[in-house]
Amino acid sequence: MRLVSIAVPVPFLDLLTYSVPGHLELPSIGARVRVRVGSRTVTGCVVEQGTPEHGIAEARAELKDVVEIVDREPFLPEPIVELCRWVADYYVSGIGDAIAVAMPPGARARASSFRTRRVATLTAHGLTAVGSDPSHSHHRGQTPVMTPLNPSDSVVPTHNPNIELSLDVPGSDPKHVRHRGLTPKQGDALLALAAASAGLPLSELRDRGVTADVLARLAARGLVAIRDEAHDRDPFENAAMRDVIPDAARRLTAEQTAAFEELAALADAGEFRVALLHGVTGSGKTEIYLRLAARVCRSGRQVLLMVPEIALTPSVAAQFRGAFGARVAIQHSALSDGERHDQWQRIRRGDVDLVIGTRSAVFAPLPRLGLVIVDEEHDSSYKQEEAPRYHGRDVAIVRASRERALVVLGSATPSMESYQHAVSGKYARIVLERRVLDRPLAAVRIVNMREEYAVEGPDVVISRDLAASVEDRLARREQVLVLLNRRGYATAVFCRQCGDTFECPNCSISLTVHTARQGWRARCHYCNYSMMVPKACRKCAAPYLEQSGFGTEKVEQHLRERFPDARIGRVDRDSVRRKGALASLLSRFADGELDVLVGTQMIAKGHDFPRVTLVGVISADVGLGLADFRAAERTFQLLTQVAGRAGRGDRVGEAIIQTLYPEHYSVQLACRQDYPGFFEREVNYRRGMRYPPFVALVNAVVRGRSFDEAMQTAVDIVSGLGPATAAGGFAILGPAPAPLARLRGEHRVQFFLKGARRVDMRKALKTVLAGMPQIRRRVTVDVDPLSVM
Ligand code: ADP
Ligand code: ZN
């Protein structure tokens, strides 16, 4: 009997075993197959194949047959399937969830419609209609010149139903053909198509105002043919990325050269190794990545460049695109499904040397991986906050170890985990201590907001020092970044008479007030519930509603009032909802069309805006109040990174940090941009309190319709775990209500496992959960959690 184990797209499910009926070939590992799960037929992926002796679970009489084999060749390469198995195991997720992140979009649809697009071309009949010579081919951009037969006619007469079109094709005899009954729109369409010998995609024609309806009518008259055409969509085609001409002549600084040579030697060795490239902001890490990538490509191996969010730093992608041209593929979630699918296929076909992508690009089907660069390795967006809850950097390291590749982790503010490994010698440590061209780091000042409130009153948003500095930069035509890591206008609404506050009805969190065209709107940042803010209190009807706390929208408003002539933009999740809005804001700022950019942490990431000479931080303490052992690390990283955006060009930069806790070590050390000092301090705390990187944590959140239900389930799981703690050497903390005790209408209780060996904690948890299948869906397991809300 021939059997296969299949990963199916059903959450939490383990591998399912099917038999392969005699008339089907045995499918390869990584091939897609259609199988029945319950009453549905789904597309799964072969993870194991063979006979029962080959280690697949015992054949049972009721085993179902594979319905259909989709791929003759493996769709996912076997090493990627194996990587997904590791992810499912390590992060305690279903194998189907893990396989799903490695699949391109649409891979599970019955028939993939992604690879084609509809294209319209002129027929021979249509070509004569516009007077173009069919043998004459044109390139796009060579606009045909239209010569009206009657000089008094406008180019495309709008009221004449009998249009005469005539096309003067450069280099050929103008022909004049009379066509009766064409509408101006149809005439436009014919002309556009006459200029494109290969035809034009319908999408592009639509952008030029030619609707599908117009084309259908032309097709009905036999003037235009419409066909489906295989097509790779190029995400760079429309992206607002400026062309970067790689500066081959640029000389690396002495420090860059030393770092590059060390890394090149590691790459040349062709062995697995992790190197931490710890370079201060503006030390020129990108330049090193570029040269290292080129070297690895030349040696015949491939490169994966991981970035936190491509949309936030289009220039890194553009620089690689400039240097590697068409041999680059890009993978990230802001692409359309079709684009992602096409890019994935290019990688799979071997058409690329280099893949740039966000965390899921770690599963890119590159067969000869030689180098993985994880830029801004400390960034929390590498962690996926839904199943499978994997960390892109950590999966990259596992992948590289299996494929004997070099991993370069780059950051000015490495994570505690990575730096600890560098200190202990597990990772190679390569340091860039200075900015390129001896540019100084920004000078950072702290403004104590307690003193500011004492003088200026409690409503101050922008301190006197910061305001004066902004004014100064505006006068000098330099640019300013203003950071507040909290979006919205106000963070709470309450009644001054009865004290009632506006909480989300579904979540235990107060609603955030946003400015809206129709007035004030209060919105939950977790479940998106929203309501208009009424004029009077809902409880006591008193008209004394007050707002407190503030976010980016209020900062923007204060800046506009204070500097009416300044051109101000805002970047946060609310302002960049529309597709392309973020790219447009960032490129307007880069082009000098904006003077000030206000925003959340989105403005702190990796940007290289040479004209920014001032960075203001409105509240450095936003993250410090959280009951999270990583709060200080996050604050230090954010402040150091945002200060690092200043003074990257020819002019010196300055940063001003407003805070209520000027003495806090994360603020103080960020102010001095003293990473080693911060690490020293923080690592002692982590060691003393037994937190990562000295122990591993596993977080489990149990959801229930009531608090009691959630708590009871959590207690059951924890007591099931009890016997394993001694042998596994781990402790259980909790259960206790989660910091967000209610979310989307559900109650939440959490507990932690804390110990040295993840494998023991995982095994114990899996065993207990496997014995309670009816509650599995209500338990979220997070191994190496980054955020515990
Ligand atoms: P990082 O990523 O380390 O913060 P970048 O790679 O963005 O720094 O480099 C900072 C700036 O310095 C960029 O504008 C880059 O073009 C420039 N740069 C990098 N290396 C050199 C060099 N050797 N000579 C001159 N300019 C450089
Ligand atoms: Zn809510």
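Notes on the structure in this doc start here. (Residues numbered from 1 in each chain as written. Chains lettered and ligands numbered in written order. Predicted model: local features only at pLDDT ≥ 70, side-chain atom pairs only at ≥ 80, totals over all residues. Heavy atoms only, no water.)

1. Focus on the pairing of strand β13 (residues 302–306)
In step 1: Among the 5 residues that make up β13, 5 are buried, leaving the element largely enclosed by the rest of the structure.
In step 2: Covered by surrounding structure in β13 are Gln-302, Leu-304 and Met-306 together with Val-303 and Leu-305, the residues of both alternating faces.
In step 3: The pairing of β13 with strand β16 (residues 369–375) spans 5 bridges and is classified as parallel. Its bridge partner being in β16, Met-306 is matched across the sheet by Val-374.
In step 4: Bridge analysis of β13 against strand β15 (residues 354–357) gives 4 bridges, and the strand direction is parallel. Counterpart to Met-306 in the pairing with β15 is Gly-357. (Buried < 20%, exposed > 50% of the residue type's maximum accessible area, 1.4 Å probe, protein only. Helix = DSSP H or I, 4+ residues; strand = E, 2+ residues; numbered from the N terminus. Pairing = 2+ DSSP bridges.)

2. A word on the sheet that holds strand β31 (residues 730–743)
In step 1: Ordered by their spatial adjacency, 4 strands build an open sheet running β31-β32-β30-β33, and the pairing between neighbours is antiparallel. Strand pairing shows two members of the sheet lacking a second neighbour, β31 and β33 (779–783), which therefore form its edges. Neighbour-to-neighbour, the strand axes of this sheet turn through a mean angle of 20°, independent of strand direction.
In step 2: Here strand β30 (residues 696–704) pairs with strand β32 (residues 746–755) via 9 bridges, running antiparallel. Of the residues in β32, the one forming a bridge with Arg-703 is Arg-748. (Axes fitted to C-alpha atoms, helices over the stretch in contact; angles between N-to-C directions.)

3. Topic: helix α18 (residues 631–643)
In step 1: Here α18 is 13 residues long and its end C-alpha atoms lie 18 Å apart, about the 18 Å a rise of 1.5 Å per residue gives.
In step 2: With 12 of 13 residues buried, α18 is to be regarded as a mostly interior element.
In step 3: Those residues of α18 not exposed but buried are Ala-631, Ala-632, Glu-633, Thr-635, Phe-636, Gln-637, Leu-638, Leu-639, Thr-640, Gln-641, Val-642 and Ala-643. (Expected span 1.5 Å × (residues − 1).)

4. Digging into the coordination of the zinc ion (ligand 2)
Ideal coordination angles are 109.5 degrees for a metal with four donors arranged tetrahedrally and 90 or 180 degrees for a metal with six donors arranged octahedrally.
In step 1: Coordination sphere of the zinc ion (ligand 2), protein contribution only: Cys-504 (SG), Cys-507 (SG), Cys-524 (SG) and Cys-527 (SG), at 2.2 to 2.4 Å.
In step 2: Coordination geometry of the zinc ion (ligand 2): the 4 donor atoms subtend angles of 102 to 113° at the metal centre, consistent with an arrangement described as tetrahedral.
In step 3: The sequence motif formed by the donor residues of the zinc ion (ligand 2) is C-x2-C-x16-C-x2-C.
In step 4: Cys-504 gets classed as buried once you look at its relative accessible area, which sits at 3%. (Donors = N, O, S within 2.8 Å, 3.2 Å for Na, K, Ca; no water. Tetrahedral: all angles 85-135°; square planar, octahedral: opposite > 155°, others 65-115°.)

5. Regarding the environment of Tyr-18
In step 1: When you line up the elements, Tyr-18 lands in strand β2 (residues 16–19).
In step 2: Remark: the alpha-carbon pair of Tyr-18 and Asp-65, spanning 47 residues in sequence, is separated by 5.5 Å.
In step 3: Ignoring anything within four residues of it in the chain, the contact list for Tyr-18 reads Arg-2, Leu-3, Val-4, Ile-6, Val-8, Val-35, Arg-36, Val-37, Leu-63, Lys-64, Asp-65 and Val-66.
In step 4: Here Arg-36 takes part through its backbone oxygen, which lies 2.7 Å from a polar atom of the side chain of Tyr-18. (Contact = heavy atoms within 4.5 Å. Polar contact = N/O pair within 3.5 Å; in protein donor to acceptor, adjacent residues only side chain to side chain.)

6. Some words on the site of ligand 1
In step 1: The full set close to ligand 1 counts 17 residues, and Arg-251, Gln-256, Gly-282, Thr-286 and Asp-608 are the nearest of them.
In step 2: Measuring from an oxygen atom of ligand 1, one finds a backbone N or O atom of Ser-283 at 3.3 Å.
In step 3: Within the contact set of ligand 1, an oxygen atom lies 3.0 Å away from a side-chain nitrogen or oxygen of Arg-648.
In step 4: The protein chains hide 85% of the 560 Å² of surface that ligand 1 would expose on its own. (Near = heavy atom within 4 Å. Areas by Shrake-Rupley, 256 points an atom, 1.4 Å probe, with all protein chains shown as cover.)

7. Concerning the sheet that holds strand β29 (residues 654–659)
What links the strands of a sheet is backbone hydrogen bonding, and the strands pair in either a parallel or an antiparallel sense.
In step 1: Strands sit in the order β19-β29-β28-β20-β27-β26 across an open sheet of 6 strands; the sheet is parallel. With partners counted over all chains shown, the strands left at the sheet margins are β19 (443–448) and β26 (568–571), one partner each. The average angle at which neighbouring strand axes cross in this sheet is 15°, direction not considered.
In step 2: Examined bridge by bridge, strand β20 (residues 479–483) and strand β27 (residues 596–599) share 4 bridges and lie parallel to one another. Residue Leu-483 lies in a different strand from β27, and its bridge partner there is Gly-599.
In step 3: The sheet contacts of helix α17 (residues 581–590) involve β20, β26, β27 and β28 (612–617), and relative to β26 the element is tilted by about 140°.

8. With respect to the environment of Gly-599
In step 1: Residue position: Gly-599 is located in strand β27.
In step 2: For Gly-599, a relative accessible area of 0% translates into the label buried.
In step 3: As a C-alpha pair, Gly-599 and Ser-575 span 24 residues in sequence and 9.4 Å in three-dimensional space.
In step 4: The residues contacting Gly-599, other than those within four sequence positions of it, are Val-482, Leu-483, Leu-484, Thr-552 and Val-571.

9. Some points on the side chain of Asp-574
In step 1: Along the chain, Asp-574 falls in the loop between β26 and α17.
In step 2: Classification of Asp-574 by relative accessible area gives buried; the value is 13%.
In step 3: At a separation of 3.3 Å, a polar atom in the side chain of Asp-574 contacts the side chain of Arg-523.
In step 4: Within the structure, Asp-574 has its side chain in polar contact with the side chain of Arg-577 (distance 3.3 Å).
In step 5: Ignoring any residue separated from it by four or fewer positions in sequence, one finds Asp-574 in contact with Arg-487, Gly-488, His-514, Arg-523 and Glu-553.

10. Remarks on the pattern of salt bridges
In step 1: Under the criterion given, the structure shown has 49 salt bridges.
In step 2: Across the pair Arg-703 and Glu-746 runs a salt bridge whose closest N-O atoms are separated by 3.3 Å. Taken as a pair, Arg-703 in strand β30 and Glu-746 in strand β32 lie far apart in primary sequence, 43 residues in all.
In step 3: Taken together, the salt bridges that share partners define one network made up of Arg-445, Asp-465, Asp-472, Arg-473, Arg-476, Glu-478, Arg-651 and Glu-654. (Salt bridge = Lys/Arg side-chain N within 4 Å of Asp/Glu carboxyl O.)

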